[in-house]
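The primary structure of each chain is shown beneath.
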Amino acid sequence: MGKSKTKNQKKSRATANHVAEQIYGAVPHSFVFHRGQIGKNVGQLILDVRRVMEPYTAESLKVKKKNVLKDFVAIAGPLGVTHFMIFSKTTSSINMRLARLPKGPMLHFRVLKYSLIKDVVSSLKKHRMHEQQFTHHPLLILNNFGSDGMHIKLMATMFQNMFPSINVQKVSLNNIKRCVLLNYNPASQEIEFRHYSLKVVPVGMSRGVKKLMQEKFPNMSKFEDISELLMKGANLSESEAEQDGEHNITELPQVYSGRGNMASQQSAVRLTEIGPRMTLQLTKIQEGMGEGNVLYHALVSKTEEEIQEILNRKEAQLKEKEDRRKKQAQNVAQKKEKREEHKKNSLEGIKRKHAEAEEDSEVEDPGMQDDQEVAAESDDEVEYYRQAVGLEPDEDMFPSAKKRRSSEKSHGPAKKRKLSSGKSSRKDSDAKSPKRNGPGGQHRDNMGKGWKKSGDREKAFGKKMNPGGKTFRGKKPGDRENKFGGKKKFEGKKTFGGKKNKDKTFKSKGQKGKPGFKKGAGAKQGFKQRKGKG
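Residues numbered from 1 in each chain as written. Predicted model: local features only at pLDDT ≥ 70, side-chain atom pairs only at ≥ 80, totals over all residues. Heavy atoms only, no water.

### Digging into the UniProt feature "transmembrane region" (unreviewed entry) in the protein chain
1) Next: Following the UniProt record, one finds the feature "transmembrane region" (unreviewed entry) at residues 68-87.
2) Next: As annotated, residues 68-87 has a helix share of 55% and a strand share of 25%, and its two end C-alpha atoms lie 14 Å apart. (UniProt positions renumbered as here; feature names shortened; annotations may be inferred. Helix = DSSP H or I, 4+ residues; strand = E, 2+ residues; numbered from the N terminus.)

### Observations regarding the side chain of Arg-50
1) Next: Its place among the elements puts Arg-50 in helix 2 (residues 40-53).
2) Next: Here Arg-50 is buried and forms no salt bridge, its nearest opposite-charge partner Glu-59 lying at an N-O distance of 8.7 Å.
3) Next: A distance of 2.8 Å separates the side chain of Arg-50 from the backbone oxygen of Val-32, its partner in a polar contact.
4) Next: Residues in contact with Arg-50, not counting those within four places in the same chain, are Val-32, Phe-33, Thr-57, Ala-58, Glu-59, Ser-60 and Leu-61. (Buried < 20%, exposed > 50% of the residue type's maximum accessible area, 1.4 Å probe, protein only. Lys, Arg positive; Asp, Glu negative; His and termini not counted. Salt bridge = Lys/Arg side-chain N within 4 Å of Asp/Glu carboxyl O. Polar contact = N/O pair within 3.5 Å; in protein donor to acceptor, adjacent residues only side chain to side chain. Contact = heavy atoms within 4.5 Å.)

### Here we look at the confidence of the model for the protein chain
1) Next: Considering every residue of the protein chain, the mean pLDDT works out to 74; 64% of them sit at 70 or more.
2) Next: Per-element confidence in the protein chain is highest for strand 2 (residues 83-89), whose mean pLDDT is 96, and lowest for helix 12 (residues 441-450), whose mean pLDDT is 45.
3) Next: Segment residues 233-241: pLDDT under 50, and 12 contacts once partners within four positions in sequence are set aside and those in other chains are kept.
4) Next: Contacts of residues 431-476 to residues separated by more than four positions or lying in other chains number 76 contacts, the stretch itself having pLDDT below 50. (pLDDT = per-residue confidence, 0-100.)

### Brief notes about a negative patch on the surface
1) Next: On the surface, a cluster of negative charge is made up of Glu-356, Glu-358, Glu-359 and Asp-360.
2) Next: Here Asp-360 is to be found in helix 8 (residues 304-360).
3) Next: For Asp-360, a relative accessible area of 41% gives the class partly exposed. (Patch = residues over 30% accessible without salt bridge, like charges linked within 9 Å, V, L, I, M, F, W, Y side chains within 5 Å. Areas by Shrake-Rupley, 256 points an atom, 1.4 Å probe, with all protein chains shown as cover. Charge placed at Lys NZ, Arg CZ, Asp CG, Glu CD.)

### Notes on the packing of aromatic side chains
1) Next: Inspection of every chain in the model, using the stated rule, returns six aromatic pairs.
2) Next: Between Phe-33 and Phe-72 the ring centres are 4.1 Å apart and the planes differ by 10 degrees, which places this aromatic pair in the stacked class. Placement of Phe-33 in strand 1 (residues 30-34) and of Phe-72 in helix 3 (residues 69-79) is noted, with a sequence separation of 39 residues between them.
3) Next: Owing to a relative accessible area of 4%, Phe-72 belongs among the buried residues under this scheme. (Phe/Tyr/Trp six-rings, centres within 6.5 Å; stacked < 30°, edge-to-face > 60°.)

### Details of unusual backbone geometry
Backbone geometry follows two general trends: most residues other than glycine have a negative phi, and most peptide bonds adopt the trans configuration.
1) Next: In this chain, Gly-104 is followed by Pro-105 through a cis amide linkage whose omega measures 5 degrees.
2) Next: By the secondary structure assignment, Pro-105 is in the loop between strand 3 (94-100) and strand 4 (106-115).
3) Next: The omega angle of the peptide bond from Gly-275 to Pro-276 is 5 degrees, so this bond is cis rather than trans.
4) Next: By the secondary structure assignment, Pro-276 is in the loop between strand 9 (266-273) and strand 10 (277-286).
5) Next: A positive phi angle, close to 55 degrees, is found at Gln-189, a residue other than glycine.
6) Next: One can find Gln-189 in the loop between strand 6 (178-185) and strand 7 (190-202).
7) Next: Taking relative accessible area as the criterion, Gln-189 reaches 38% and is therefore assigned partly exposed.

### Let's talk about the nonpolar core
1) Next: In terms of nonpolar packing, the biggest core is built from 34 residues, with Phe-109, Phe-145, Met-155, Phe-159 and Ile-191 touching the most fellow members.
2) Next: Those elements giving two or more residues to this core turn out to be helix 2, strand 2, strand 3, strand 4, helix 5 (150-162), strand 6, strand 7 and strand 10.
3) Next: Residues contacting Phe-109, with those up to four places away along its chain left out, are Ile-94, Asn-95, Met-96, Leu-98, Met-155, Phe-159, Ile-191, Leu-280, Gln-281, Leu-282 and Thr-283.
4) Next: By size, the runner-up hydrophobic cluster in this structure holds 13 residues, among which are Phe-31, Phe-72, Ala-76 and Val-81. (Core = buried A, V, L, I, M, F, W, Y, C linked by side-chain atoms within 4.5 Å.)

### A few points about helix 2
Each α-helix turn comprises 3.6 residues. Residues three or four places apart therefore point the same way.
1) Next: Under the 1.5 Å per step criterion, the end-to-end length of helix 2 is 20 Å for 14 residues, consistent within 8% with the ideal 20 Å.
2) Next: Those residues of helix 2 not exposed but buried are Val-42, Leu-45, Ile-46, Asp-48, Val-49, Arg-50, Val-52 and Met-53. (Expected span 1.5 Å × (residues − 1).)

### Things to note about the environment of Gln-265
1) Next: By the secondary structure assignment, Gln-265 is in the loop between strand 8 (249-251) and strand 9.
2) Next: By relative accessible area, Gln-265 is classed as partly exposed at 43%.
3) Next: Leaving out residues up to four positions away in the same chain, Gln-265 has contacts with Thr-250, Glu-251 and Leu-252.

Next comes the structure, spelled out in structure tokens:
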């Protein structure tokens, strides 16, 4: 097992972590994302700009269509994000907005031209870009931003605050591997954005000595003496010996990484562009997060009176909004009070109703009213059926009405049923005719009057009838009688549902040997005679 850390080691480690957190939280952080529909090239440009802003930016920020600007502002505070770079695309141009959180301002730029990292690297013979360069933030260089104009100074301040500040007395040169150059052209009012990689090499020695000091030793198989390498510099390509001058030679205050870069020695600083490139033009400066007053506009100029009028209109809108908000708050409070009062009254009413119900429970039955209401509804349904169809409904169709009629019969005196015209005629004929004691002519006339004709459909088909006051023979368990109750044979004139069927006749399924009436042979003989006439 390894040795455990001592108390001093743990304390120093905790102190170093605390200092690193403070330093990391003090530097500016950024979000680079897009709004709206963009193309493939603009999407790659956003990734390249994130590469420039490393390591203090969100490298893998995911943006959804439903996200709005307020969503990014809401999460920017807890994460310590201070700047937004928002790209958008229209049919005519590509725009970039640079915003300072949380209260602005917001600078609107138009991207006139741009080149991606892959385009810049492919145009160079030798490029110098590796992952170690992106572990530290780049060095910011501003050029020609000292001209007059408040918008120029505001742009310079905004660009300076996007990158961490550098203390010249304490900075370590080995941490500076990249630089970002912003050059302002006052004539065209355009800003050139460039991204370079830094390389420091010693000067004042021949190309052969420089080759010896590099990591890869040159091939000396063709040399007879090492002096040939030092004096002639053979086998060296022109690209390995770049021309240095006073513009890039300086004296190093510290030891820089690389062979021969010693303190107080002359060294040359070389820049290699690694992309991306952008040509920007400022169009507008606005207060807040794109919702405030316009401080500067490159295309539209307004007089003092117009500006004052806009400010007055803005103040009036804010005042109206505040009044509307107060009125809404008052309305909400009033509704809440009414709701509470209504709730209180409802509870009191419920308590009072329960008390009254308990007092009247011994006198009245609360279920009677419900039964009466249900019965009234069933009566209405029966009446509606009569008016709509024109026929009496079946007993099984409205069971509640049937139940009510039965209850009325049980409680009150029985009411006389109104007979139909067919029944009344049969009753009159039975009253006039004598009893059926023989096969006389009067008996046949009574039989003719008593049977219902095929055209009469006042009574539902299939129900038992009492012709002339006489009853059919009762059923026995052994008898096979049809559901019409008799042993009659119906001829072709008798049909179901009003439709005639000339081919088939309906016959009863009862036993043939038994008579259909209780009386003797005279009734049987009269029945056969009537059948023969049909």
